[in-house]
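Chain and residue survey
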Amino acid sequence: MTQYEPVIGLEIHAELQTRSKMFCSCSADYSNAPEPNTFICPVCTGLPGAMPVLNKKAIEQATLVGLSLNCSINEFNTFARKNYFYPDLPKGYQISQYDLPIASKGWLDILDDTDSPMRVVVRRVHLEEDTAKLAHEKNYALVDFNRAGVPLLEIVSEPDMRTVEAALSYATKIRAILRYLGVNSGDMEKGILRFEANVSVRPRGSSELRTRTEIKNLNSFRALTRASAYEIERQIKVYENGGEVVQETLGWDEAHGVTISQRGKEDAHDYRYFPEPDLPPLQLDRNWINSIKNQLPELPDAKNRRFMEQYELKRREASLLTAEKSLADYFEEVVSKSKSSAKTVHSWLTGEFMRYMNDSGQTLEDITLSAAQFAQLIDMVTDKSISGNSGKVVLNEMLNAKRNCDPSQIVKEKNLAQVSDTGFIQEAIEKILSDNPREVEQFLAGKETIVQWLMGQVARATKGKADPNIAKDLLVKTLEARRK
Ligand SMILES: [Zn+2]
C-alpha cells in the first residue's frame, strides 16, 4: 500500500499592536472600545473620497518581524487592492501587499517531531488591514467596524513541514518571536494571532506538490494540530478510494472535530489585484532599516544558547524558560539575587512555581512574588534552614498571599524551621524503631528498601522538620548498630 507524507505550509495572521489603525488615526485597541462602531472614521468604514495614510509604527514593526525571520527587507515595496465582496470589508477590497511585500525570502530554524533541527523557508511577510467583525444572529448579522483597518501582518511559509509536530513547532516559535518583539500579544483566543494551514499529501519519496486545501481561522495550537491531522487523514482516504482532492477553503468545526468545506478556493486572479492608487510606493531608507536592525532584542534561539552556556542548562531545560521572554527575564533576576546555583533556581522555577501557575491558571503577569523574595526562599532551602518540602509550602503561601511577604516570617508563623539537632532526631528514631520491631527485623534480614518507609515515619514524627540528610544518617547508623 502507498505510504503518504503530509506537506504543510502555514500562513500566520498577526495583528500589530500599534496605537492607531493601519491607514487612519482611529485607535487600534478595539478590544477596549466602549461600544461597537465607536473607533471608526470615514477611512476605516470606506466612505467615498476618504484617503488612507500609512502608519509608520506598523512599518517599523513589520520590518522588525522581517529581520527577526532572516528576511530581506524590500527597500521598494508597494500596496495593492485585493478585491472581494464580504460584509466585513467596507470598501469591497482590502489594502494589502501583493507582488512587492515589505519582506521576503527568510527562514526559521525549528525542531521537528524527532527533535532534529530543520529549516522552514519564510516566503514573505506583508502588511494589510484587518476586517470588521461579524456577529451572526438567527435571521440577521451585526457588523462592528472597530477592528476594520487594524494593522495585520501576514507571514507565509513555504510548504516545508512534513509532520503536524513540525507545523506546531514553527507556529509556537513564530508566536514566541512576535511576543519577544513586543509587536503582538500572541492571544489566540481573542484572534489577535491566527493560523491558516495549507495541507496536501503525496506518496512518500515523491517531490510533486498535489492539490492542497486551506484550513482557515485556526484560533489555537490545539485547533491547528487537530485540524491538520484530520485533513491529512481525510485526503489519504480520498486517494486510497481512487478519488481526487479538490482545491478548496475549509473551516474547522472544533466541536465535531471535522473540517467543513466553505467555498471553492479562489486563485490570485479571482481577487483582481491592482496597485493601490491612493498610496505611493513605500521607499525605505537603508540607514533607517539599519536603525531598526539595532533595535532587535535577543531572540529565543540566541537566548537559549546563552542560557545553556552561562547557566549550564541542557537545551530542553533552557527552552522551558526562553519560550517566554518574561519567564526568562524573571529567571535571570532570581539567579542574580540568589546565592544558590542557577540549576537550583531552574528546578524551583520549572517545578513548584510552574505547577502553581498551571493549577491556578495564572500567568507570570499575575504573579506578585518579587524575584528577591523568591531568591531568599530558595536560599533558605539551600542553606538547610528549612526542608525542601517546607520550602514548597512557603512558596505556595507566598504565591497565594498576592503580596510581598518575607519568607522567614512565614517559616516562623508556621513553625517550619528545620531541625538539625541530632538529639531531637535521635529520640524520634529510637521511638519509631521500638514501635516497629517487624520492620527492623526486615532490615536486618537484608531488605534495605525499608529505610525509605522508616524515613517517612521520621518525617511524620518530626512534622517534616528534621533535616533529611542528618535523619537518614542517624537512622541507618542506629539500625546497623542493632546487627551486633
Ligand atoms: Zn478610522
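Structural notes, computed from the coordinates. (Residues numbered from 1 in each chain as written. Predicted model: local features only at pLDDT ≥ 70, side-chain atom pairs only at ≥ 80, totals over all residues.)

Take the overall build of the chain next. On a plain count of helices and strands, the chain comes out with 15 helices and 16 strands. Since a compact globule built from 484 residues should have a radius of gyration of about 23 Å, the 30 Å found for the chain marks it as more spread out than a globular shape. Over its C-alpha atoms, taken along the principal directions, the chain stretches across nearly 95 × 55 × 50 Å. A buried classification covers 34% of the 484 residues belonging to the chain. Counting contacts in the chain only where the partners sit at least 6 residues apart, residues at least 24 apart contribute 69% of the total. (Helix = DSSP H or I, 4+ residues; strand = E, 2+ residues; numbered from the N terminus. Rg over C-alpha atoms; globule rule 2.2 N^0.38 Å. Buried ≥ 20, exposed ≤ 12 C-beta atoms within 10 Å, placed from the backbone. Contact = placed C-beta atoms within 7 Å.)

Take helix 6 (residues 315-322) next. All of the buried residues along helix 6 are A318, L321 and T322. The buried residues of helix 6 occupy an angular sector of 90° when the element is viewed end-on, so they sit on one face. Where the residues of helix 6 are buried, they touch helix 5 (300-310) and helix 7 (325-337). (Arc of directions from axis to C-beta.)

Judged from the 2 bridges that link them, strand 12 (residues 213-218) and strand 13 (residues 248-253) form a sheet pairing that is parallel. When the sheet's bridge partners are listed, I215 is paired in strand 13 with L250. Once the chain exits strand 12 it traverses helix 3 (residues 221-240) before rejoining the sheet at strand 13, and the crossover so formed is left-handed. (Pairing = 2+ DSSP bridges. Right-handed = clockwise from strand over helix to strand, strands pointing away.)

Turning our attention to the sheet that holds strand 4 (residues 80-83). The 3 strands lie next to each other as 5-4-15, forming an open sheet whose pairing is antiparallel. Both outer strands of the open sheet, strand 5 (93-96) and strand 15 (274-275), are each paired with one neighbouring strand and no more.

A separate point is the pairing of strand 6 (residues 103-111). Looking at chain direction, strand 2 (residues 72-73) and strand 6 are connected through 2 bridges and run antiparallel. Looking at strand 6, one finds that S72 is bridged to S104. In the sheet, strand 6 pairs with strand 7 (residues 117-129) via 8 bridges, with the strands oriented antiparallel. Bridging across to strand 7, D109 finds its partner in R119. The antiparallel hairpin formed by strand 6 and strand 7 contains 5 residues in its connecting segment, where D115 sits at a positive phi of about 70°.

By size, the foremost hydrophobic cluster in this structure holds 69 residues, and its most contacted members are A62, V125, L153, A167, Y170, A171 and A197. Setting aside anything within four residues of it in sequence, one finds A171 in contact with L10, I12, F195, F221 and L224. In terms of nonpolar packing, the next biggest core, distinct from the first, is built from 25 residues, L321, Y330, L377 and M380 among them. (Core = buried A, V, L, I, M, F, W, Y, C linked by C-beta atoms within 7 Å.)

Let's shift gears to helix 3. The end-to-end C-alpha separation of helix 3 is 29 Å, in line with the 28 Å expected for 20 residues at 1.5 Å each. Among the residues of helix 3, those classed as buried are L224, A227, S228, E231, I232 and Q235. One face of helix 3 carries all of its buried residues, which in axial projection span an arc of 140°. Opposite the buried face of helix 3, at more than 90 degrees from it, the exposed residues are R222, K237 and E240. After helix 3 finishes, the residue G242 shows a positive phi value of roughly 80°. (Expected span 1.5 Å × (residues − 1).)

On to the packing of helix 1 (residues 56-68) against helix 4 (residues 286-293). Two numbers describe how helix 1 lies on helix 4: the axes approach to 10 Å, and their chain directions differ by 70°. Here helix 4 runs roughly perpendicular to helix 1, going by the angle between their axes. Helix 4 is crossed by helix 1, and the crossing has right-handed handedness. For the pair helix 1 and helix 4, contact is made by E60, T63, L64 and L67 and by I289, I292 and K293, respectively. Its residues assigned to classes, the contact of helix 1 with helix 4 comprises 4 nonpolar, 1 polar and 2 charged. (Axes fitted to C-alpha atoms, helices over the stretch in contact; angles between N-to-C directions. Parallel < 35°, antiparallel > 145°, perpendicular 65-115°, else oblique. Left-handed = near helix turned anticlockwise from the far one by under 90°. Nonpolar A, V, L, I, M, F, W, Y, C, P; charged D, E, K, R; others polar.)

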